[in-house]
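Residue strings, one per chain:
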Amino acid sequence: MRNFLDILAKRRSIYALNDQLPISDNEVEKVVKQAVRLSPSAFNSQTSRVAFLWKKEKEKFWAYVKELLQPLTPKEAFPNTQKKLASFAKAALVCLFFEDVDIVASLQKQFSLYADNFPIWSEQSSGIATVNAWTALAERGVACNLQHYNPVVDEKAAKEWHFPSNWKLRGQLVVGGMIAPAGEKEFMADEKRFKSFGI
Ligand SMILES: Cc1cc2nc3c(=O)[nH]c(=O)nc-3n(C[C@H](O)[C@H](O)[C@H](O)COP(=O)(O)O)c2cc1C
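Residues numbered from 1 in each chain as written. Predicted model: local features only at pLDDT ≥ 70, side-chain atom pairs only at ≥ 80, totals over all residues.

S.K.: Describe unusual backbone geometry, listing the residues and the values that go with them.
M.R.: With omega at 5°, the peptide bond leading from Asn-150 into Pro-151 counts as cis. Of note, Phe-43 is a non-glycine position whose phi angle comes to about 55°, a positive value. Mapped onto the elements of the fold, Phe-43 is located in the loop between helix 2 (25–38) and strand 2 (48–54). Although it is not a glycine, Asn-44 sits at a positive phi angle of roughly 50°. Turning to its location among the elements, Asn-44 is positioned in the loop between helix 2 and strand 2. (Helix = DSSP H or I, 4+ residues; strand = E, 2+ residues; numbered from the N terminus.)

Okay, here's the thing in structure tokens:
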């Protein structure tokens, strides 16, 4: 196995995507499912949910986003938005990441001492599951970028794909083949970021 840090470095935001995946569609779903299963969650509550939208379905999703964003976007900014959305639609699929808010609410009831923390932990779990899926895909040579068109698209998506009302959309992982790699990444100075004591 490659060094874990090398795999982490391979996960980047790739925006130039096509629908030519280096592994099969089924393998992509298998990788995402296993990454989400293996991701930790508060009290092992397993609140993350995922929907895979392929082919016509992902095109429908991005068409909905465009339709819903148009009235909310300044006219002069919309061509850019439209270009961006068209690039997402050219990818192979979009993975919608949700959190099950019913589980969060029931944990709040059950463990009132931590009531305020459960929604925060749910957000953290969602981030962990998403980035684990993203990194596991990157390890297989599959490229992704992460988008957040929630809550604009929530209602329309729930209606179209019959998502349960307790599935709260948290992010959209756009997945495809890499046309061009990400640019150089800048890192802030370690001394501003880390403190070490007693080593
Ligand atoms: C919580 C979170 C939210 C993000 N939201 C978006 C987003 O809405 N749109 C987008 O293009 N990138 C989004 N990103 C990607 C970041 O911009 C990106 O990870 C960062 O610039 C570092 O680049 P890298 O992913 O190539 O390492 C998000 C990343 C995180 C962790």
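S.K.: Break down the site of the ligand for me, with residues and values.
M.R.: All residues adjacent to the ligand are Arg-12, Ser-13, Gly-127, Asn-145, Leu-146, Gln-147, His-148, Ala-182 and Lys-185. Of all the elements, strand 4 (residues 143–147) adds the most residues to the shell around the ligand, at three residues. Residues belonging to the shell around the ligand are distributed by class as follows: two nonpolar, five polar and two charged. (Near = placed C-beta within 6 Å. Nonpolar A, V, L, I, M, F, W, Y, C, P; charged D, E, K, R; others polar.)

S.K.: Which residues make up helix 3 (residues 55–69), and what values do they have?
M.R.: The end-to-end C-alpha distance of helix 3 is 22 Å, a good match for the 21 Å that 15 residues give at a rise of 1.5 Å each. Among all positions of helix 3, only Lys-58, Phe-61, Trp-62, Val-65 and Lys-66 are buried. Viewed along the axis of helix 3, the buried residues span an arc of 135°, placing them on a single side of the element. Of the residues in helix 3, the exposed ones pointing more than 90 degrees away from the buried face are Lys-56 and Glu-67. (Expected span 1.5 Å × (residues − 1). Buried ≥ 20, exposed ≤ 12 C-beta atoms within 10 Å, placed from the backbone. Arc of directions from axis to C-beta.)

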